[in-house]
Structures are given as C-alpha cells and as structure tokens.
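# Report on the structure
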Amino acid sequence: MFLRKSFTAALALPALASPALAELPHDWQLGMQPAATPVMVQIEDFHRLLLYIIIGICLFVLALLIWVMVRYNHRANPVPSRTHHNTLLEVAWTLIPVIILVLIAIPSFRLLYFEAAIPKPDVTVEAIGKQWFWTYAFPKDGNFQFDSYMLQDAAAAKAHEPRLLGVDNPLYVPVNKVVEVDTTGADVIHSWSVPAFGVKMDAVPGRINHTWFKATRLGTYYGQCSQLCGANHAYMPIEVKVVTQAEYDAWLAKAKKKYAANETPDALRVAAQ
Ligand SMILES: [Cu+2]
C-alpha cells in the first residue's frame, strides 16, 4: 500500500513541478496544442480533413509524375505521340478540382458560422491591447479593469511561470461557460490570440470586435499578441486560467475589491453599448 502510494506520488511530483495543466508550445512540437474549446475541436477536425485531401492529391500527382517519367522517357518511348487535345481529360481535370473545392467549402463555412455566432455569454471580458500589455475589463461584472504585464525572466522563474508567456495578472474564467471577449486597441492594432481556444481576434483602435470561447478543461492557457504592434510586440503574452465556477466567483470577489479604483474608461463603455 505504502509502496503504491509513494509510486503514485513520484509520478505526480514531476507533473506538478512542470505545470501539469499548462497549455503551451513544447520543443520539437509537431502540430497544434490540444484543443480546449468546441471551436478548436472543429478547427482540428477541419485541419485533419484538409491534410487527408492534400496528402491524397500529392500522392496522386507523384504517382502520375513517376508513371510519365518511366513510361514516356526517351528510351521507353522513342516516337512521341502527336496528341494535343483530349476533351474528356480536360473536362475531368477541371471538374474534379471544382468538386473537391466545394466539398472543402461546406465544412469550412459551417465552421466559420459556428465561430462567428456568439452564444449567450455567461461572462463578458474586454481585452484592450496596448503598447505593450493587455488590459482586461469586466464591464458587466463589477465594472473593474486591470493590466496584465509579462513577467520578466527572474520573476517568471520564481513564480514557476513559462518564460515570455507568464504574466503578473492572469485572466480568470470559469470552465464550461461561454466567455465573450470584446477586443479593441488603445493605440495600434493588436490581436488577442490563444491557440488552444482557437481564438484570434484583432484588437483595432476605434472599434470593438467580438469573439468567444467555452473552455472545457481546467488549466492555464497561454497566447500571444498576434498582430505586429511595435518594438515589444513579442513581450505582451496572454495568460488565461480556466477554473471552477466556485474558484472564479472567489477570484471575482477579490478582483472587484483589488481593482475597484480602476473603472472601465467611459469611451469604451459608450462604444460597447
Ligand atoms: Cu500587440
């Protein structure tokens, strides 16, 4: 019994030391980060479908090339054919790609509309891109806002946060709840992007863009500004902690007090209405 317990603990320890639930890129990673929202699951499915189609076409073209090289080279085919038209072939190589493109367009548009239609939100967050940090505002939940800066290397190491991705004030959201993210830019165009959520929305000065996610797994998720916005563009990461509703409520109550002095700017609130 004791042995089994210590064995389990030994397994669990390294997982705790390197944040077990953190979703971030790894060295030698091939492919995308594991999906954490329904939108990202569908993006992955669509990506896989495209990959199969592309591999099929590449293999087909490769086979044709090899066949032509072997069967119709100078030695194997000393007298060249004088054929210059084949109506059936020409119709086929026009129609088949059209059919493939239409087959791709159907799930593509379905996914596009699924992403664009925001379900009724449980939480609304404004993500305001600034040179070079993010400000998060909760206009409907207590009307407070706070700044989220990247941790410098020493501070990140101390806080067991990944270098260049950890922030001082992460965004907290409840698991399995629809979170609407309204993005805008305070100076130039930024982009709020979290790969595991399948979310990337430009933050444009003078307008508010809307997107959403519903994280289905607890954990810490990282993203980065994805629109070149100036000298420190690479140093304004995004950290989102997906927690249980109870943990979220506790954070919200604390945040309301801690950031009480920081009201949502009037200009933004008017624009949001
Ligand atoms: Cu930026």
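A short tour of the structure in this document, coming up. Remember, predicted model here, so these are calculated numbers, not experimental data.

This part is about the overall build of the protein. Of regular secondary structure, the protein possesses 6 helices and 11 strands. The 273 residues of the protein split such that 34% are buried. Contacts in the protein between residues at least 24 apart in sequence constitute 67% of all its contacts with a sequence separation of at least 6. Total accessible area computed for the protein in this model is approximately 17100 Å², and 66% of it derives from carbon and sulfur atoms.

In this fold, His 233 is placed in the loop between strand 10 (219–224) and strand 11 (237–243). Owing to a relative accessible area of 17%, His 233 belongs among the buried residues under this scheme. Residue contacts for His 233: discarding those within four places in its chain leaves Trp 132, Cys 225, Ser 226, Gln 227 and Leu 228.

What follows concerns the sheet that holds strand 2 (residues 123–130). Pairing within the open sheet is mixed, and its 5 strands lie in the order 4-3-2-6-9. Because the sheet does not close on itself, it has two edges, and the strands there are strand 4 (144–148) and strand 9 (209–213). With strand direction ignored, the average angle separating the axes of adjacent strands in the sheet is 25 degrees. Relative to strand 6 (residues 179–185), strand 2 runs parallel, the two being bridged by 7 bridges. Across the sheet, residue Val 123 finds its bridge partner in strand 6, namely Val 179. Its contacts with the sheet put helix 5 (residues 245–258) on strand 2, strand 3 (133–138) and strand 4, and the angle it makes with strand 4 is roughly 95 degrees.

Time to look at the coordination of the copper ion. Surrounding the copper ion are the protein donor atoms His 190 (ND1), Cys 225 (SG), Cys 229 (SG) and Met 236 (SD), which sit 2.0 to 2.6 Å from the metal. One way to put it: the 4 donor atoms around the copper ion meet at angles of 94 to 126 degrees, and that makes the site tetrahedral. Coordination of the copper ion draws on donor residues from a single chain, spaced H-x34-C-x3-C-x6-M in sequence. Note that Cys 225 is positioned in the loop between strand 10 and strand 11 and Met 236 in the loop between strand 10 and strand 11, a separation of 11 residues in sequence. Take Cys 225 and Met 236: they sit in the same class, and that class is buried.

Applying the stated criterion across every chain yields a total of 16 aromatic pairs. Centre to centre, the rings of Phe 133 and Tyr 149 are 4.3 Å apart; their planes meet at 20 degrees, and the pair counts as stacked. Placement of the pair is Phe 133 in strand 3 and Tyr 149 in the loop between strand 4 and helix 4 (153–158), with a sequence separation of 16 residues. Overall, the relative accessible area of 11% leaves Phe 133 in the buried class. When the centroid spacing of 4.4 Å and the interplanar angle of 20 degrees are considered together, the rings of Phe 197 and Phe 213 count as stacked. Of the two residues, Phe 197 sits in the loop between strand 7 (190–194) and strand 8 (199–203) while Phe 213 sits in strand 9, which places them 16 residues apart along the sequence. Of the residues examined, Phe 197 reaches a relative accessible area of 1% and is grouped as buried. Overall, Phe 213 belongs to the buried group, its relative accessible area being 1%. Put simply, the rings of Tyr 136, Phe 138, Phe 144, Phe 146, Tyr 172, Tyr 248, Trp 251 and Tyr 259 touch in pairs and so form one group of aromatic residues. Of note, Arg 71 hangs over the ring of Tyr 72, and the distance from its end group to the ring centre comes to 4.9 Å.

Once that is clear, we can look at the nonpolar core. Trp 134, Tyr 136, Phe 138, Trp 192, Phe 197, Phe 213 and Val 240 are the most contacted members of the largest nonpolar core, which has 35 residues in total. Aside from chain neighbours lying at most four places away, what touches Tyr 136 is Val 125, Glu 126, Ala 127, Phe 144, Gln 145, Phe 146, Ser 148, Leu 171, Trp 192 and Ile 238.

Next up on the list: the pairing of strand 3. Residues in a regular strand point their side chains to alternate faces of the sheet. Most of strand 3 is tucked away: 6 of the 6 residues are buried. Side chains of strand 3 alternate between two faces, with Phe 133, Thr 135 and Ala 137 and Trp 134, Tyr 136 and Phe 138 buried alike. Between the end of strand 2 and the start of strand 3, which pair antiparallel, lie 2 residues. Pairing of strand 3 with strand 4, which is carried by 5 bridges, proceeds in the antiparallel orientation. From the neighbouring strand, Thr 135 faces strand 4, where its bridge partner is Asp 147. What sits between strand 3 and strand 4 in their antiparallel hairpin is a turn of 5 residues, with Gly 142 showing a positive phi close to 95 degrees.

Rules behind the numbers
Residues numbered from 1 in each chain as written. Predicted model: local features only at pLDDT ≥ 70, side-chain atom pairs only at ≥ 80, totals over all residues. Heavy atoms only, no water. Helix = DSSP H or I, 4+ residues; strand = E, 2+ residues; numbered from the N terminus. Buried < 20%, exposed > 50% of the residue type's maximum accessible area, 1.4 Å probe, protein only. Contact = heavy atoms within 4.5 Å. Areas by Shrake-Rupley, 256 points an atom, 1.4 Å probe, with all protein chains shown as cover. Pairing = 2+ DSSP bridges. Axes fitted to C-alpha atoms, helices over the stretch in contact; angles between N-to-C directions. Donors = N, O, S within 2.8 Å, 3.2 Å for Na, K, Ca; no water. Tetrahedral: all angles 85-135°; square planar, octahedral: opposite > 155°, others 65-115°. Phe/Tyr/Trp six-rings, centres within 6.5 Å; stacked < 30°, edge-to-face > 60°. Lys NZ or Arg CZ within 6 Å of the ring centre and 35° of its normal. Core = buried A, V, L, I, M, F, W, Y, C linked by side-chain atoms within 4.5 Å.

Function cannot be read off these values alone, since they describe shape.
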